[in-house]
Amino acid sequence: MMNSQPKDGDERSPLLTRNRSSYGGRSANDGSARRPSVGSRSDISRSPRLSRNGLSNSITSIGSAYWDWPTTTGSIPNCQSFVLAPEELNLPPQTVLMGSSKLVANASLASLRRSMNSTPVPSNLLIEDGSPDDGNFLFLESDLKEIESELRSNKTTEGPSPETTEENTDESDDEECERRPRDTMASLPAPKRPRPSLRDTMVQPSFRRAQKSFYKDLKDFSEGSIPQSIVIATCIGCVCGVVAFLYYTVLDALLDLIWKELPKRFVIDQWPEHLYVLWMPLVIITLSVCCGLSIYFLGEPGDLAYTIKCLHEKGYKDTHHIIPMVAASLFTILAGASLGPEAPLVAICAAVAGFISKKIFKQSNTNVIRKHTFMGMAGALSAFFGVPLGGSLFALEVASRFGIEYFEHLIESIFAGEICVVIFRSLARLPLQQLWANDSTPSVNRADPYLIIVGAAIGLLGAGAAFLFANFHWRLMAFFGKLGLLDDDNRFAVPRVLLGASGVLFFGMLIPQTLFWGEFEFPVLATLSPASDLPHVWPTTGLINFEMDSCFKCLLVGFSKLLAISFTVAGGYRGGFIFPFFTAGAAFGRALCFPFPNLSPVLSTLCFAAGINVAITRTALATTLILSFLSGEQLAEPAILGASIASLFATSYMPFIKSQIARSDIDHSLYIDT
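Going along each chain's sequence as written, the residues are numbered from 1 onward. Where totals are concerned, whole chains, interfaces and linings use all residues; where local detail is concerned, this predicted model gives features only for residues with pLDDT of at least 70, and gives and counts side-chain atom pairs only at 80 or more. The basis for every side-chain value is the complete set of non-hydrogen atoms in the structure, without hydrogens or water.

Draft legend 1. Layout of the nonpolar core. Nonpolar cores are built from buried Ala, Val, Leu, Ile, Met, Phe, Trp, Tyr and Cys residues. Side-chain atoms within 4.5 Å join them into one set. Accessibility here uses a 1.4 Å probe with only protein chains present; expressed as a share of the type maximum, an area under 20% marks a residue as buried, one over 50% as exposed, and anything in between as partly exposed. One finds Trp259 and Phe582 to be the most contacted residues of the largest nonpolar core, which totals 129 residues. In what follows, residue pairs with any heavy atoms lying within 4.5 Å of each other are defined as contacts. In contact with phenylalanine 582, not counting residues within four places along its chain, are Trp436, Phe522, Ala609, Asn613, Thr623, Ile626 and Leu627. The next biggest cluster of nonpolar side chains, apart from the first, holds 6 residues, and it includes Leu476, Leu485, Phe567 and Ala570.

What follows is the structure in structure tokens.
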């Protein structure tokens with residue numbers, strides 16, 4: 001960023017980059033820019049000094065940065081380095097400066113002006129924009145260009161006396177820098193000779209979107225370039241589409257076999273009718289034991305939280321989790337537990353995408369591999385929901401607690417999601433359709449502005465329900481822990497699953513609406529349809545012929561569904577809870593319509609579902625798109641978004657998925673400590 005012309009043929013180039021404690025220092029005479037070594041906060045106090053006219057002025061810590069001015073002879077510095085404070089030294093060594101680093105740099109400029117208060121700005125302190133042709137084009141953030149503007153306008157003809165103190169120059173220097181005209185740089189003499197290419201001497205970002213031309217990047221298959229992203233995204237999208245199709249085909253066939261065909265062959269007209277309900281405990285307990293045994297013998301399959309943890313720490317998920325996840329998740333879903341296939345598909349496709357990136361395309365940059373892992377996750381969710389944009393956004397949002405922090409991977413992930421949807425839906429012969437639409441869709445024919453406020457209020461109610469669920473679940477997990485069932489080696493996987501199955505079975509036999517993950521049960525609950533319309537469970541009557549026909553029963557279904565989700569997760573089943581929370585929200589939304597008959601049932605159910613799901617998964621944008629698309633209610637989208645945003649803010653300090661952490665390499669630019 002700051003360019004200093006070397007003296008007497010010395011071809012050193014300046015360096016502006018983040019430094020880590022692992023960087024070693026170089027001497028000022030080794031022909032390259034010196035990289036200061038910083039290992040602790042005490043290193044900042046030992047920063048080099050600028051010798052000027054026999055007076056040594058210490059340039060020490062300013063905010064969270066300082067300027068390092070190695071000198072040769074005289075008072076003209078020949079090298080500058082921008083160094084971050086120790087709390088930021090855990091960043092990758094090739095991270096681009098951005099955000100609050102600019103503010104810190106501006107503070108350091110004020111210190112620089114004070115240090116040279118009686119010396120004119122040296123003529124070799126020249127900042128050039130450059131271009132790709134002259135070799136001086138730098139791939140830096142736009143924020144840093146503002147620093148160039150500050151430096152470009154900084155020409156001091158005669159500063160205050162050396163006795164000037166920090167107290168009387170701190171704010172005035174900053175204001176003076178803003179007042180100086182930009183054209184003062186024109187009076188500075190040009191460098192005596194062209195500088196060497198900074199592209200070879202500057203530490204580059206972790207990846208660049210464009211290095212040369214599209215053809216050259218495609219020919220070289222440059223790491224992180226647009227042509228490489230297109231090729232790898234296409235490959236990952238195709239492979240993950242096939243994987244999702246195989247998983248879906250097996251799951252659908254087994255669901256029909258266990259809950260439709262086998263009862264027809266061996267139960268109906270074979271057992272007494274009042275004993276039909278025993279099919280539910282027989283299937284649930286048997287498949288729950290199989291789930292526990294698969295975890296015990298095949299190993300830890302992981303879950304959504306573990307996938308997010310791997311994504312943050314190393315950028316990929318190991319492939320040895322794939323087989324355990326396939327087995328455990330299939331047994332979970334077939335047992336009627338309140339978890340769905342979305343999280344297993346995310347985990348499986350994330351591992352597949354990481355394998356493709358590392359083993360097939362030989363990628364080594366962590367952030368590039370992480371981008372490809374996001375592609376697999378986006379493809380899985382896009383294929384499952386049938387909503388390419390919503391599914392891709394969900395994959396990126398769920399990795400953080402507040403918004404999309406890995407924003408640079410957004411476009412490539414959406415592209416991979418589109419490819420995966422094409423492959424999966426074509427193989428499965430499934431259209432991209434409004435899954436919950438009916439003859440009256442769309443029922444929201446007018447989007448008045450006040451509906452956004454109504455949606456936000458319902459979203460807050462959903463956040464409250466999520467708060468109750470989270471607190472109950474943490475206590476239930478503590479109970480499982482006291483029983484010694486939460487060991488890391490899964491030695492007690494079977495007892496743990498059986499204890500969880502007791503809750504699933506209890507609520508399922510009394511209220512059949514609580515069984516399964518809810519993707520196809522949602523419209524049954526949202527429209528108060530009879531239990532006989534439930535698509536998977538058999539017999540649909542349960543023990544007591546439960547029907548949703550009153551406000552109390554709707555509330556009972558909603559709370560029972562949340563309790564069933566908690567027992568399922570605590571029991572060690574593997575699956576996703578997106579649609580289960582949607583289903584609970586549908587029940588609560590219908591209950592809200594009884595005391596408020598003028599409230600639209602569609603608006604109420606969708607906003608309540610959004611409020612609960614966003615509070616748990618932190619996916620405000622994706623949840624809005626998914627719910628509005630699957631319901632076919634486009635005009636309800638503003639109200640659903642209001643519910644999602646309200647829930648997100650209301651539960652900002654209630655993290656449910658513990659591995660959702662702030663992105664470590666941009667903490668300093670997203671949040672400013674006070």
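Draft legend 2. The packing of helix 7 (residues 226–266) against helix 12 (residues 366–385), seen in detail. As a packed pair, helix 7 and helix 12 sit with axes 9 Å apart at the nearest point and diverge in direction by 40 degrees. By the angle between their axes, helix 7 is oblique relative to helix 12. As for how helix 7 packs across helix 12, the hand of that crossing is right-handed. Across the interface between the two elements, Gln228, Ser229, Ile232, Ala233, Ile236, Cys240 and Ala244 from helix 7 touch Val368, Lys371, His372, Met375, Gly376 and Ala383 from helix 12. The class makeup of the residues in the contact of helix 7 with helix 12 is 8 nonpolar, 4 polar and 1 charged. Fitted lines through C-alpha atoms serve as axes, helices being fitted only where they are in contact, and the angles separating the N-to-C directions of these axes extend from 0 to 180 degrees. Secondary structure elements are taken from DSSP: a helix is a run of H or I of four residues or more, a strand is a run of E of two residues or more, and numbering for both begins at the N terminus. Orientation is classified from the angle alone, with under 35 degrees giving roughly parallel, over 145 giving roughly antiparallel, 65 to 115 giving roughly perpendicular, and any other angle giving oblique. It is the rotation of the near helix from the far one that decides the hand of a crossing: anticlockwise by less than a right angle makes it left-handed, clockwise makes it right-handed. The nonpolar class holds Ala, Val, Leu, Ile, Met, Phe, Trp, Tyr, Cys and Pro. Asp, Glu, Lys and Arg form the charged class, and all remaining residues, Gly among them, are polar.

Draft legend 3. Seen up close, unusual backbone geometry. Going from tryptophan 538 to proline 539, the amide bond is cis rather than trans, its omega being -5 degrees. Mapped onto the fold, proline 539 is located in the loop between helix 17 (522–526) and helix 18 (551–570). A positive phi angle, close to 55 degrees, is found at arginine 429, a residue other than glycine. Relative to the helices and strands, arginine 429 resides in the loop between helix 14 (410–428) and helix 15 (450–482).

Draft legend 4. View of the state of the cysteines. Only a pair of cysteine sulfur atoms within 2.5 Å qualifies as a disulfide here. Within this structure, the stated rule accounts for 0 disulfides. Not part of a disulfide, cysteine 290 finds its nearest cysteine sulfur in cysteine 291, a span of 8.8 Å. Among the cysteines around cysteine 593, which has no disulfide bond, cysteine 554 carries the closest sulfur, lying 8.6 Å off. A relative accessible area of 10% places cysteine 593 in the buried class.

Draft legend 5. Structural detail: the environment of valine 614. Tracing the chain through its elements places valine 614 in helix 20 (residues 601–617). Note on valine 614: relative accessible area 0%, which makes it buried. Taking the C-alpha atoms as reference points, valine 614 and glycine 459, separated by 155 residues in sequence, lie 9.0 Å from one another. Ignoring any residue separated from it by four or fewer positions in sequence, one finds valine 614 in contact with Thr619, Ala620, Thr623, Ser644, Ser647 and Leu648.

Draft legend 6. Spotlight on the confidence of the model for the protein. Here the protein averages 76 in pLDDT, and 67% of its residues register 70 or above. Predicted confidence is poor over residues 1–106, with pLDDT under 50, and the contacts of this stretch with residues over four places away or in other chains come to 251 contacts. Each residue carries a pLDDT score, the predictor's own confidence in it, on a scale running from 0 to 100. Below a pLDDT of 50 lies the segment residues 155–210, which in the model reaches 113 contacts outside its immediate sequence neighbourhood of four places, other chains included.

Draft legend 7. Summary view of the packing of aromatic side chains. Pairs were defined over the aromatic rings of Phe, Tyr and Trp, the Trp ring being its six-membered one, requiring ring centres within 6.5 Å. Orientation was assigned from the angle between planes: stacked under 30 degrees, edge-to-face over 60, tilted for the rest. In this structure the tally under the stated criterion is 27 aromatic pairs. An angle of 70 degrees between the planes, with centres 5.6 Å apart, marks the rings of phenylalanine 384 and phenylalanine 579 as edge-to-face. Residue phenylalanine 384 is located in helix 12, and its partner phenylalanine 579 is located in helix 19 (residues 578–593); the two are separated by 195 residues in the primary sequence. Phenylalanine 579 gets classed as buried once you look at its relative accessible area, which sits at 1%. With a centroid separation of 5.6 Å and 85 degrees between ring planes, the pair formed by phenylalanine 579 and phenylalanine 582 is classed as edge-to-face. Remark: phenylalanine 582 and phenylalanine 579 occur in helix 19; sequence separation between them is 3 residues, near one turn of the helix. Residue phenylalanine 582 is classed as buried on the basis of its relative accessible area, which comes to 1%. Linked through ring pairs, Phe384, Phe385, Phe394, Trp436, Phe522, Phe579 and Phe582 together constitute an aromatic cluster. It is lysine 314 that lies over the ring of tyrosine 316; its NZ or CZ is 5.0 Å from the centre. The residue whose ring lies beneath arginine 663 is phenylalanine 407, and the NZ or CZ to ring-centre distance is 5.7 Å. Both a distance and an angle decide whether a charge sits over a ring: NZ of Lys or CZ of Arg must be within 6 Å of the ring centre and within 35 degrees of the ring normal.

Draft legend 8. Region of the structure containing a nonpolar patch on the surface. Like charges within 9 Å and nonpolar side chains (Val, Leu, Ile, Met, Phe, Trp, Tyr) within 5 Å are joined into patches, using only residues over 30% in relative accessible area that form no salt bridge. Shrake-Rupley sampling with a 1.4 Å probe provides the accessible areas, and residues are treated as covered by the protein chains on show and by no other component. Definition used for salt bridges: Asp or Glu carboxyl oxygen within 4 Å of a side-chain nitrogen of Lys or Arg. Nonpolar side chains collect at one region of the surface, where Phe214, Leu218, Ile226, Ile230, Val231 and Phe415 lie side by side and expose about 480 Å² of accessible area between them. It is helix 7 that contributes the most residues to the nonpolar patch, 3 residues altogether. Counting through the fold element by element, isoleucine 226 comes out in helix 7.

Draft legend 9. Broad picture of the side chain of threonine 568. Among the structural elements, threonine 568 can be located in helix 18. What qualifies as a polar contact is a pair of N or O atoms within 3.5 Å, subject to a donor-acceptor requirement within protein and to the restriction that residues adjacent in sequence count only when both atoms come from side chains. From its side chain, threonine 568 meets the backbone nitrogen of serine 338 in a polar contact 3.4 Å long. Those residues in contact with threonine 568 that lie beyond four places of it in its chain are Ala337, Ser338, Leu339, Val504 and Tyr573.

Draft legend 10. Focus on helix 16 (residues 493–510). How far a helix is expected to stretch is found by multiplying one less than its residue total by 1.5 Å. When the terminal C-alpha atoms of helix 16 are compared, their 26 Å separation across 18 residues agrees well with the 26 Å that a helix rising 1.5 Å per residue should span. Among all positions in helix 16, only Ala493, Val494, Arg496, Val497, Gly500, Ala501, Gly503, Val504, Leu505, Phe507, Gly508 and Met509 are buried. At its buried positions, helix 16 is contacted by helix 8 (279–298), helix 15 and helix 18.

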